[in-house]
Each structure stands twice: as structure tokens, then as C-alpha cells.
Amino acid sequence: MDDLARIRFVTANYSTLQGLRSLPIGVGLAAASYWSSLQQGPSRDLTYPILFAGVCSLAYWMIDRYYARVFGRVKLPRRWWPGSLVRLLFAPLALAAFVFDTTPQVQERIFGNELPVSVFALLTAAGILFDGCLSIWPFRRYRKTVASYLAIVGAGSLLLIAASFHQALFAGWAAAAGLRSSVDASYILVGVVLVLLGLVTHIYLTDKMGAPVGDAV
Amino acid sequence: MSPLSDHLAALDRLVHDPARLSILTALASCQSADFTFLQRLTQLTGGNLSSHLIKLEEAGLVEMEKTFKDRRPNTRISITVRGRQAVQKHWQQLDDLRREAQGVQPDEPPSGLE
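Notes on the structure in this doc start here.

Rules behind the numbers
- Residues numbered from 1 in each chain as written.
- Chains lettered and ligands numbered in written order.
- Predicted model: local features only at pLDDT ≥ 70, side-chain atom pairs only at ≥ 80, totals over all residues.
- Heavy atoms only, no water.
- Contact = heavy atoms within 4.5 Å.
- Buried area = accessible area lost by both parts, 1.4 Å probe.
- Polar contact = N/O pair within 3.5 Å; in protein donor to acceptor, adjacent residues only side chain to side chain.
- Helix = DSSP H or I, 4+ residues; strand = E, 2+ residues; numbered from the N terminus.
- Nonpolar A, V, L, I, M, F, W, Y, C, P; charged D, E, K, R; others polar.
- Pairing = 2+ DSSP bridges.
- Expected span 1.5 Å × (residues − 1).
- Buried < 20%, exposed > 50% of the residue type's maximum accessible area, 1.4 Å probe, protein only.
- Salt bridge = Lys/Arg side-chain N within 4 Å of Asp/Glu carboxyl O.

## Re the interface of chain A and chain B
Next, step 1: At the interface, 35 residues of chain A touch 29 residues of chain B.
Next, step 2: Summed over both sides, the interface between chain A and chain B buries roughly 2900 Å², with carbon and sulfur atoms accounting for 53% of that surface.
Next, step 3: At the surface where chain A touches chain B, the tally comes to 8 residue pairs in polar contact (both at pLDDT 80 or more).
Next, step 4: Breaking the side of chain A that touches chain B down by element, the ones donating at least two residues are helix 1 (2-12), helix 3 (47-70), strand 1 (74-75), helix 7 (143-164) and helix 10 (182-209) of chain A.
Next, step 5: Taken together, the residues of the side of chain A that touches chain B break down into 16 nonpolar, 6 polar and 13 charged.
Next, step 6: Bridge count for strand 1 of chain A against strand 1 (residues 32-34) of chain B is 2 bridges, and the pairing is antiparallel. For Val74 of chain A, the partnering residue across the bridge sits in strand 1 of chain B and is Ala33 of chain B.

## Let's talk about helix 6 (residues 81-101) of chain B
Next, step 1: For helix 6 of chain B, which comprises 21 residues, the first-to-last C-alpha distance of 30 Å matches the rise-based estimate of 30 Å (1.5 Å per residue) to within 8%.
Next, step 2: Every buried residue of helix 6 of chain B is accounted for by Gly83, Ala86, Val87, His90, Gln93, Leu94, Asp95, Asp96, Leu97, Arg98 and Arg99 of chain B.

## Digging into the pattern of salt bridges
A side chain with one charge can pair with a side chain of the opposite charge if their charged atoms come near.
Next, step 1: Applying the stated rule across the entire model yields 5 salt bridges over all chains.
Next, step 2: In this structure, Asp3 of chain A engages Arg6 of chain A in a salt bridge whose closest nitrogen and oxygen atoms are separated by 2.8 Å. Of the two residues, Asp3 of chain A and Arg6 of chain A are both situated in helix 1; the distance of 3 residues between them amounts to about one turn of the helix.
Next, step 3: With a shortest N-O distance of 2.7 Å, Asp64 of chain A and Arg21 of chain A are connected by a salt bridge. Placement of Asp64 of chain A in helix 3 and of Arg21 of chain A in the loop between helix 1 and helix 2 (22-38) is noted, with a sequence separation of 43 residues between them.
Next, step 4: Overall, Arg21 of chain A belongs to the buried group, its relative accessible area being 16%.
Next, step 5: Look at the salt bridges and you will find they share partners, linking Asp95, Asp96, Arg98 and Arg99 of chain B into a network.

## Topic: the sheet that holds strand 1 of chain A
Next, step 1: The strand order across the open sheet formed by 4 strands is 1(A)-1(B)-3(B)-2(B), and the pairing between neighbours is antiparallel. Every other strand in the sheet has two partners, leaving strand 1 of chain A together with strand 2 (62-69) of chain B as the edge strands with one partner each.
Next, step 2: Bridge count between strand 2 of chain B and strand 3 (residues 72-79) of chain B: 8 bridges; the pairing is antiparallel. Paired with Met64 of chain B across the strands is Ile77 of chain B, a residue of strand 3 of chain B.

Given below as C-alpha cells:
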């Protein structure tokens, strides 16, 4: 029964478990945040952002091919509610959170002073936790199968929540590292956490799928 | 015969084989999967997986579609309505057997054991 639970869980969540996909997103976010933090005022030279986007898209495509070739392809039935709808809403919400984080004037107008937390990091933590719980929910009876995945998702979300408290945690070393603000340090850390989470999820998938099997000669 | 042996006798041998049950379980959780995925997930050799798939296809439990993707042969396998019903019936029978072996009445709720 344990093995059948493993088979059902991995098949139903195959695309979510392809952790390497978050590598270009994490590296891109960290690199873009670092680059923008080094700029003095708004930059008109968009060479680096376009280069980051191009390299990340290429890396994402290569990772897609890697998974198809090494682990195979699975087609899942289309279900719009609730996972796909929430994922669709995440992009505009993340953009709004980014604009909110990087414009202290808006924060001061709404709250009276600058917020000590990054809304983008909190939103990413909530998104990852929600996505993880959604993947686990149909398999909650199979505790042995899903416990380690829940631990990965929980640890990732906690790290992202920690990364959101930029004023309290990163103000000192952001200034020492030459970054413009502690929000930039928070974004770089979100990128690093996404990379780590992706690597650990990939290891989890590799463990659950098992080693490649060759034909006996 | 006792109810336990009745249930054992009623098990579909074609579905009950561990390798074929693994294949059908994976296919019942998705719309379709390719050969590479099934081979990796079930840990069967290519030849072994092929022979099990042929048996399941002959019984009308799965459908296979052979195409070329990126100039490489790609076999996409999906479960049929009959296959889905067969595997669901089999899980139900296994659950009944487990409950009977534990001395639980069939109409009692499952214990939630793995």
C-alpha cells in the first residue's frame, strides 16, 4: 500500500515536484535584485534585465527537456479550481507586492510609515505553503508518503517568512554589502530560498522515482 | 468457503500482479503518461514493462499511442474506462480484505492505516 501511495502521489504531483524549474526563477530574481540594488537611481539601460530574462527562459526550457528525457512526461486532467486559479492570480498579486515593497511613498501614505516586512516575500511563502497543502491534501491518509514533502514545503515557507523581515534582520549587512536597501537583501534571499527549495524538491522527486532501470543483457 | 477466501478468489489476477497494479495505479492518477515515466516509477525493465503493457492492452485496460517527439519514438499510455473501473474495484477488494483480516466489519469506516 505504501508503494501504491507513492506512485499515486508522484504521478498526481509530477509537475509540482519538478524542483529544478524554480532554479532559473530564483537565480533570476536574486541576480536582478542585486543588479538593481547597485544602480544609482532609475536605469535606462535594459541590457542586463533582458539578458537575465533570456538566460532564465532558456534555462527553464532546458530543464523542461531534461525532465521529459530523464523522468518522462505525464499529462494531468485539467482542473481549474482551486490550484490553477490561485496560480493565475499569483502573478498579478506578486507584481503588486513588488511595486508596494519598492515604493516607500505608497507605504507611508497607507500605513503612515515604511513597512518593516516585504509583502512579496510573505506572498511567496503563502503561495508555496498553499500549493504544497493542495498537493498533499488528497493523500493526507498516507502520512509516511507525504510527511517529508510537507517538511520541505514548511521549511521553505518559514525561511521565506524569515526573509520578509528585512528591516530587523538584514539592514546591517545589506549596508555592509553595498546594497541600496534592506528590501533588496530580502529579494536576494527569496531567490536563494527558491533555489534551495527547488534543489531539495528535486532530490525528493529523484528519491521517490528511484534510479533508472536498464534492461538485463 | 469463508468470506476471506471468497474475496481472495474474486481478485482479478490480471490486475492483482504487483507490476500491473503499479502501472494501473499510476495511469489512474493521470490522463496519460509516457513509457519513460512508467518505467522509472515502477522500476521495471523496458522489456518487462512492455510485456505487462501488452497484456493490459489486450485485456482492454490501457491504450497505447506511438508517436515521434523531437525525432525520438514516444509511447503514450492511458487507462481506459474499463481499466479505471477494474483498478478501483481492485482497491476496494483489497481494502475489504485488509479490514476482514483485522477483524473489522465491512460496513465500519476504514482505520486510516497506511
